[in-house]
Amino acid sequence: MDRRDLLRAAAALPLLRAALPDEAHAQTYPARNITMIVPFPAGGQADLAARPVAMALERILGKPVIVDNRAGGGGGSVGNAAAARAEPDGYTLLMTLSSLAVLPEADRLFDRPVAYEVSQFMPIARVLADPTLLAVPASAPWKTAQDFVEDAKKRPGQITYGSSGPYGTLHVAMEMFANSADIKLLHVPFRGAGPALTGLLSGTVQAIAAAPGTLKPQVDDGKLRVLGNCGAKRIASFPDVPTFQELGYKDVEMYIWAGLFAQRSLPAPIASRLREAMAQVMTSPDVLRAFDTSGSLVAYQDAPAFSEFVATDSKRLIAAVKKIGKVE
């Protein structure tokens, strides 16, 4: 070997050493417990998605998958940011909602430091994708969405609604409806969808926009009534509830999707292992049964399709946030 060959070989050694850990880690992954951050309290859509998935992943991967409800407020921003900052080694995953792309834009809207960027994440798999539903207490005077709108027009700013935090999915959904209906509601942010639902049940607020799986047990128990569906089509768990588009609010369309993410620089072999595992998870009878019982149907997408979906949905949601503007 001549001197030039030796120099080339020496220059290649750092690249070879950098590649070896990825391959070695992938062959032994996972070697310890995995944390799945859920950036909301228990009881909301992200938590509903995370727990059956975590249990199934645990069986497939052979290591505990611990759900960590990192509910520090900000509509999910705190937990999302914690996952973005985590080591990209496959041991910190994120189960989050469609507000992932909205929250950085809200930071920019208010000239706040941006907690994270969507570009820091690698989509692994979509799990659920449900339309938001407008729900009120069963004891409320409104029997239809039109009743609600007519009352709100008589009393602008007096009907309260809860959300998971400013510019979270539930907030954007209600403001989208309010803008379309030309009504003014009073926003009361909570630390997550679970606490917002508790606020509705206790009478702290008078309405909420939430996922079918979050609402169905309370509707079945006769505690809540659903007035409208933000999706483009009616859904099987609430077949008698009309869409807002049916009711004439053509620009109201909002979904709460839940998906699993890792860090953008996650080594490809580990990402492939997680994708393979999630493909098995989303056909698990226990997972399918858990989602069916809750009223949320599986909406699985593997990473390539999920990445495209996130990009398309994010553009629509960011446009909605800019239209809503600075709403407190």
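Because the structure is a prediction, the values reported are computed rather than measured. (Residues numbered from 1 in each chain as written. Predicted model: local features only at pLDDT ≥ 70, side-chain atom pairs only at ≥ 80, totals over all residues. Heavy atoms only, no water.)

Peer 1: Sorry if this is basic, but what is going on with the sheet that holds strand E10 (residues 255-263) here?
Peer 2: Neighbouring strands of a sheet are bound in pairs by backbone hydrogen bonds; such pairs are parallel or else antiparallel. Taken in spatial order, the six strands make up an open sheet running E2-E1-E3-E10-E4-E11, and their pairing is mixed. Single-partner strands in this sheet number two, and they are strand E2 (65-69) and strand E11 (298-302). Between one strand and the next, the sheet's axes are offset by a mean angle of 20 degrees, whatever the strand orientation. Bridge count between strand E1 (residues 34-38) and E2: five bridges; the pairing is parallel. Along E2, the bridge assignment pairs Ile34 with Val65. Relative to E10, helix H11 (residues 303-324) is tilted by about 125 degrees, and along the sheet it contacts strand E4 (121-131), E10 and E11. (Pairing = 2+ DSSP bridges. Helix = DSSP H or I, 4+ residues; strand = E, 2+ residues; numbered from the N terminus. Axes fitted to C-alpha atoms, helices over the stretch in contact; angles between N-to-C directions. Contact = heavy atoms within 4.5 Å.)

Peer 1: Sorry, what's going on with the sheet that holds strand E5 (residues 133-137) here?
Peer 2: Read from one edge of the open sheet, five strands run E7-E6-E8-E5-E9, paired in mixed fashion. Where the open sheet ends on each side, the last strands, each with one partner, are strand E7 (186-189) and strand E9 (224-229). The average undirected angle you get between the axes of adjacent strands in this sheet is 30 degrees. Two strands pair when backbone bridges link them, and strand E6 (residues 160-163) and strand E8 (residues 207-210) are joined in this way by two bridges, in the parallel orientation. Residue Gly162 lies in a different strand from E8, and its bridge partner there is Ile208. Across the sheet, helix H8 (residues 212-220) lies against E5, E8 and E9, angled at about 140 degrees from E9, the strand it touches most.

Peer 1: What is the right way to read the pairing of E6 from this model?
Peer 2: Remark: a regular strand shows side chains that alternate across the two faces of the sheet. Burial along E6 is two-sided: Thr160 and Gly162 and Tyr161 and Ser163, pointing in opposite directions, are all buried. The parallel pair E6 and E7, bridged by helix H6 (residues 169-181), forms a crossover whose chirality is right-handed. (Buried < 20%, exposed > 50% of the residue type's maximum accessible area, 1.4 Å probe, protein only. Right-handed = clockwise from strand over helix to strand, strands pointing away.)

Peer 1: Explanation requested: helix H4 (residues 102-109) in the structure shown.
Peer 2: Where burial is concerned, most of H4 is hidden: six out of the eight residues are buried. Taken together, the buried positions of H4 are occupied by Val102, Leu103, Pro104, Glu105, Ala106 and Asp107. Where H4 is buried, its residues meet helix H3 (77-85), H6 and H11. Within two residues after H4, Asp111 carries a phi angle of roughly 55 degrees, on the positive side.

Peer 1: I keep staring at unusual backbone geometry and nothing clicks. Help me out?
Peer 2: Trans is the prevailing form of peptide bonds, just as negative phi is the prevailing case for residues other than glycine. The linkage connecting Tyr29 with the following residue, Pro30, adopts the cis geometry, with an omega of -5 degrees. Take Pro30: it is sitting in the loop between helix H1 (3-28) and E1. Phi at Asp111 is positive, roughly 55 degrees, even though this residue is not glycine. Position of Asp111 relative to the elements: it lies in the loop between H4 and E4. Here Asp111 falls in the exposed class, since its relative accessible area comes to 68%. Even without glycine at this site, Asp182 takes up a positive phi of about 60 degrees. Counting through the fold element by element, Asp182 comes out in the loop between H6 and E7.

Peer 1: Got a minute to help me understand the nonpolar core in this structure?
Peer 2: General note: in soluble globular proteins, nonpolar side chains tend to be found buried as a group. Counting 57 residues, the largest nonpolar core has Met36, Val53, Leu57, Met95, Val127, Leu215 and Met278 as the members making the most contacts within it. With nine residues, the top contributor of residues to this core is helix H2 (residues 45-61). Sequence-distant contacts of Met95, that is, excluding residues within four places in its chain, are made with Met36, Ile37, Val38, Pro39, Ala46, Ala49, Ala50, Val53, Val127, Ala258, Gly259 and Leu260. Grouped together as the second largest cluster of nonpolar side chains are 49 residues, Ile37, Ala82, Tyr116 and Leu317 included. (Core = buried A, V, L, I, M, F, W, Y, C linked by side-chain atoms within 4.5 Å.)

Peer 1: So what exactly am I meant to see when it comes to empty space enclosed by the protein here?
Peer 2: The rolling of a water-molecule-sized probe over the atoms marks out the regions of remaining empty space. Inspection of the entire model under this criterion finds one cavity of 30 Å³ or more. Size it by volume and the largest cavity reaches roughly 80 Å³. Considering the residues around the largest cavity, the lining is formed by 14 residues, among which Gly44, Gln45, Leu97, Leu170 and Ala193 are closest to the centre. Those elements that place two or more of their residues in the lining of the largest cavity are H2 and H6. The leading source of residues in the lining of the largest cavity is H2, at three residues. Of the residues assigned to the lining of the largest cavity, the class counts are eight nonpolar, five polar and one charged. (1 Å grid on protein atoms, 1.4 Å probe; cavity = no way out; pocket = protein on both sides within 12 Å on 5 of 7 lines; lining within 4 Å. Points joined across faces, edges and corners; volume = space filled by probe spheres on them. Nonpolar A, V, L, I, M, F, W, Y, C, P; charged D, E, K, R; others polar.)

Peer 1: Which parts of the structure should I look at to understand the packing of aromatic side chains?
Peer 2: Any pair of aromatic rings gets described here by the distance separating the centres and the angle formed by the planes. Counting across every chain of the model gives 13 aromatic pairs. For the ring pair Phe177 and Tyr249, a centre distance of 5.7 Å and an interplane angle of 90 degrees mean the geometry is edge-to-face. Highlighted residues: Phe177 in helix H6 and Tyr249 in the loop between E9 and E10, separated in sequence by 72 residues. Residue classification places Tyr249 among the buried residues on the basis of a relative accessible area of 10%. Put simply, the rings of Tyr116, Phe121, Trp257, Phe261, Phe306 and Phe309 pair up and form one aromatic cluster. Across from the ring centre of Tyr91, 3.8 Å away, lies the NZ or CZ of Arg32, which sits over that ring. (Phe/Tyr/Trp six-rings, centres within 6.5 Å; stacked < 30°, edge-to-face > 60°. Lys NZ or Arg CZ within 6 Å of the ring centre and 35° of its normal.)

Peer 1: Would you explain the pattern of salt bridges in this entry?
Peer 2: Side chains carrying opposite charge are able to pair once their charged atoms draw close together. Taken as a whole and assessed by the stated rule, the structure comprises 13 salt bridges. A salt bridge links Asp151 to Arg155, with the nearest nitrogen and oxygen atoms 2.8 Å apart. Residue Arg155 is classed as partly exposed on the basis of its relative accessible area, which comes to 25%. Here the salt bridges share partners, and the residues they tie into one network are Arg59, Asp286 and Arg289. (Salt bridge = Lys/Arg side-chain N within 4 Å of Asp/Glu carboxyl O.)

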